[in-house]
Amino acid sequence: MRKLGKQTWFYENKVYLNETATVAGPREAQGPLGNTFDITYDDLHCNEDNWEKAERRLLEQSIQTCIKKDNLQTDQVDLMISGDLLNQIVTSNYAAKTLAIPFFGIFGACSTSMQSLALASALVDAGFINNAVAATSSHNATAERQFRYPTEYGGQKPASSTTTITGAGAGLVSKKANKQVNIRVESATIGKVMDYQMGDPFDLGTAMAPAAYDTIKTHLGDVGRTPSDYDLILTGDLSSVGSPILKDMLKEDGINIDEVHNDCGLMVYNSDQQVFAGGSGCACSAVVTYGHIFSELLKGNLNKVLVVATGALMSPTMVQQKETIPTIAHGVVLMREELNQS
């Protein structure tokens, strides 16, 4: 691995995202990307007794399905890197107990999808492990219960709030390139914690936009590229509130991403679904990237994508103490590579 600039890792030994898998809940299944998910449920309980067990099932199934697609058994996977939104990342911890794979638990809030992928790729590139699964999950009801109000409360939300996605996504990383078309993990830009003094947990798009801005600007500078070098610059869950702020901030520095930008939180749901400003949660960037984006890369509709997952590093306790919300964004470059190419 080689460092570019201040914050970007370039994987010199060629690391590939061999397989991915996604599992989603009922509302996500009804959205425009519904047919890209491997498994869907028509009930938030996902055949479990409670919502927390339901989220655990989502994560376990995404990892098991991903591993199975690569014709591996769980005991052939060297490392599982995963995190989620619940206190002490209990979803990932309990899933790791069931799967019995060596485990690193991480927390990056909704940036966890790309944080785990960047770390897994670095360890594979360095030769510490042969393969790793990077995964994350979120569940609408578990997140609402912990971070805001219980679903049963029925409190009215402002238009700036987002809807936590029920789902999970996993990706299997190795140096193996045994298909005609492979998806390479080229590089990762590790974000810095930013705090623009936003304190409203119902407006995380505004809070996270500066972190996405800083990571995208830093990435382009570190690798010496412009937005036009990418078919898509994808942010995690800025939604309809944070996305315009991000683009305006970049334009002030002469960087225009209008033609290549989209946001996972704006892609998951139809416009007539009542989701306020769009989707959010750890699974937001995971299910879009490991489902739709991975498929589009394989088909050749996309060739090079920068995925910037955004996260709000808050807790209910800190919000109750009137602290502002620090945020972070991690970016990973995925690119299509044919077997006969260098």
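Keep in mind it's a predicted model, so treat the numbers as computed, not measured. (Residues numbered from 1 in each chain as written. Predicted model: local features only at pLDDT ≥ 70, side-chain atom pairs only at ≥ 80, totals over all residues. Heavy atoms only, no water.)

Draft legend 1. Quick look at the overall build of the chain. If you tally the helices and strands in the chain, you get 10 helices and 14 strands. Viewed in the frame of its principal axes, the chain has a C-alpha envelope of about 55 × 50 × 35 Å. Out of the 342 residues in the chain, the part that is buried amounts to 61%. A separation of at least 24 residues holds for 78% of the contacts in the chain among residues at least 6 apart in sequence. By element, 47% of the accessible surface of the chain is carried by carbon and sulfur atoms, the whole surface being about 13,500 Å². Across the chain, 27 positive and 38 negative side-chain charges occur, with their mean positions spaced 4 Å apart. (Helix = DSSP H or I, 4+ residues; strand = E, 2+ residues; numbered from the N terminus. Buried < 20%, exposed > 50% of the residue type's maximum accessible area, 1.4 Å probe, protein only. Contact = heavy atoms within 4.5 Å. Areas by Shrake-Rupley, 256 points an atom, 1.4 Å probe, with all protein chains shown as cover. Lys, Arg positive; Asp, Glu negative; His and termini not counted. Charge placed at Lys NZ, Arg CZ, Asp CG, Glu CD.)

Draft legend 2. Quick look at the pairing of strand 6 (residues 131-138). Among the eight residues in strand 6, eight count as buried, and that is most of the element. The alternating pattern of strand 6 places Asn-131, Val-133, Ala-135 and Ser-137 on one face and Ala-132, Ala-134, Thr-136 and Ser-138 on the opposite face, and all of these are buried. Sheet analysis places strand 4 (residues 79-83) next to strand 6, joined by five bridges and oriented parallel. By the bridge assignment for strand 6, Met-80 is matched with Val-133. As judged from the eight bridges shared by strand 6 and strand 8 (residues 167-174), these two strands associate in the antiparallel manner. Its bridge partner lying in strand 8, Ala-134 is registered against Gly-171. (Pairing = 2+ DSSP bridges.)

Draft legend 3. The arrangement of the nonpolar core in detail. Leu-17, Leu-117, Val-288, Ile-293 and Leu-334 are the most contacted members of the largest nonpolar core, which has 45 residues in total. Broken down by element, the residue count for this core peaks at nine residues, all from helix 9 (residues 282-299). When residues of this core are sorted by domain, at least three fall in each of domain 1 (3-174) and domain 2 (186-338). Contacts of Val-288, omitting those with residues within four sequence positions, involve Leu-33, Leu-234, Cys-264, Met-267, Val-268 and Ile-293. In this structure, Ala-212, Leu-250, Ile-255 and Ile-257 belong to the second largest nonpolar core, which totals 35 residues. (Core = buried A, V, L, I, M, F, W, Y, C linked by side-chain atoms within 4.5 Å. Domains from an automatic or database assignment.)

Draft legend 4. Molecular detail of the domain arrangement of the chain. The assigned domain composition of the chain is domain 1 (3-174) and domain 2 (186-338). Each of domain 1 and domain 2 has a C-alpha centre, and the two are 17 Å apart. Across the boundary between the two partners, domain 1 contributes 61 residues, which contact 58 residues of domain 2. A combined buried area of about 4,900 Å² lies between domain 1 and domain 2, and 64% of that area is made up of carbon and sulfur atoms. (Buried area = accessible area lost by both parts, 1.4 Å probe.)

Draft legend 5. Region of interest: unusual backbone geometry. Although it is not a glycine, Cys-46 adopts a positive phi angle of roughly 50 degrees. One can find Cys-46 in the loop between strand 3 (39-40) and helix 2 (51-69). Since its relative accessible area comes to 1%, Cys-46 is described here as buried. Even without a glycine there, the phi angle at Ala-109 is positive, about 55 degrees. The residue Ala-109 is located in the loop between strand 5 (103-105) and helix 4 (112-126) in this model.

Draft legend 6. Quick look at the state of the cysteines. Taken as a whole and judged by the stated rule, the model has zero disulfides. Residue Cys-282 stays outside any disulfide, its sulfur separated by 4.9 Å from that of Cys-110, the closest cysteine. No disulfide involves Cys-284; its sulfur sits 5.3 Å from that of Cys-264, the nearest cysteine. (Disulfide = S-S within 2.5 Å.)

Draft legend 7. Structural view of the side chain of Ser-116. With respect to the helices, strands and loops of the structure, Ser-116 is situated in helix 4. Not counting chain neighbours up to four residues away, the residues in contact with Ser-116 comprise Ile-81, Ile-106, Ala-134 and Ala-135.

Draft legend 8. Molecular detail of the pattern of salt bridges. Counted according to the given criterion, the structure contains 14 salt bridges. The shortest N-O distance in the salt bridge between Lys-53 and Asp-49 comes to 3.8 Å. (Salt bridge = Lys/Arg side-chain N within 4 Å of Asp/Glu carboxyl O.)

Draft legend 9. Up close: the pairing of strand 14 (residues 327-338). With respect to burial, strand 14 is a largely interior element, 11 of its 12 residues being buried. Taken together, the nine bridges between strand 13 (residues 304-312) and strand 14 define a ladder with antiparallel strand orientation. By the bridge assignment for strand 14, Thr-310 is matched with Ala-329.

Draft legend 10. Focus on the packing of helix 6 (residues 204-223) against helix 7 (residues 239-251). For the pair helix 6 and helix 7, the least separation of the axes is 8 Å and the interaxial angle reads 40 degrees. Comparing the axis directions of helix 6 and helix 7 gives the class oblique. Crossing of helix 6 over helix 7 shows right-handed handedness. From helix 6, Gly-205, Thr-206, Ala-209, Pro-210, Ala-212, Tyr-213, Ile-216 and Lys-217 reach across to helix 7, where they touch Val-241, Gly-242, Ile-245, Leu-246, Met-249 and Leu-250. Tallied by class, residues from the contact of helix 6 with helix 7 come to 10 nonpolar, three polar and one charged. (Axes fitted to C-alpha atoms, helices over the stretch in contact; angles between N-to-C directions. Parallel < 35°, antiparallel > 145°, perpendicular 65-115°, else oblique. Left-handed = near helix turned anticlockwise from the far one by under 90°. Nonpolar A, V, L, I, M, F, W, Y, C, P; charged D, E, K, R; others polar.)

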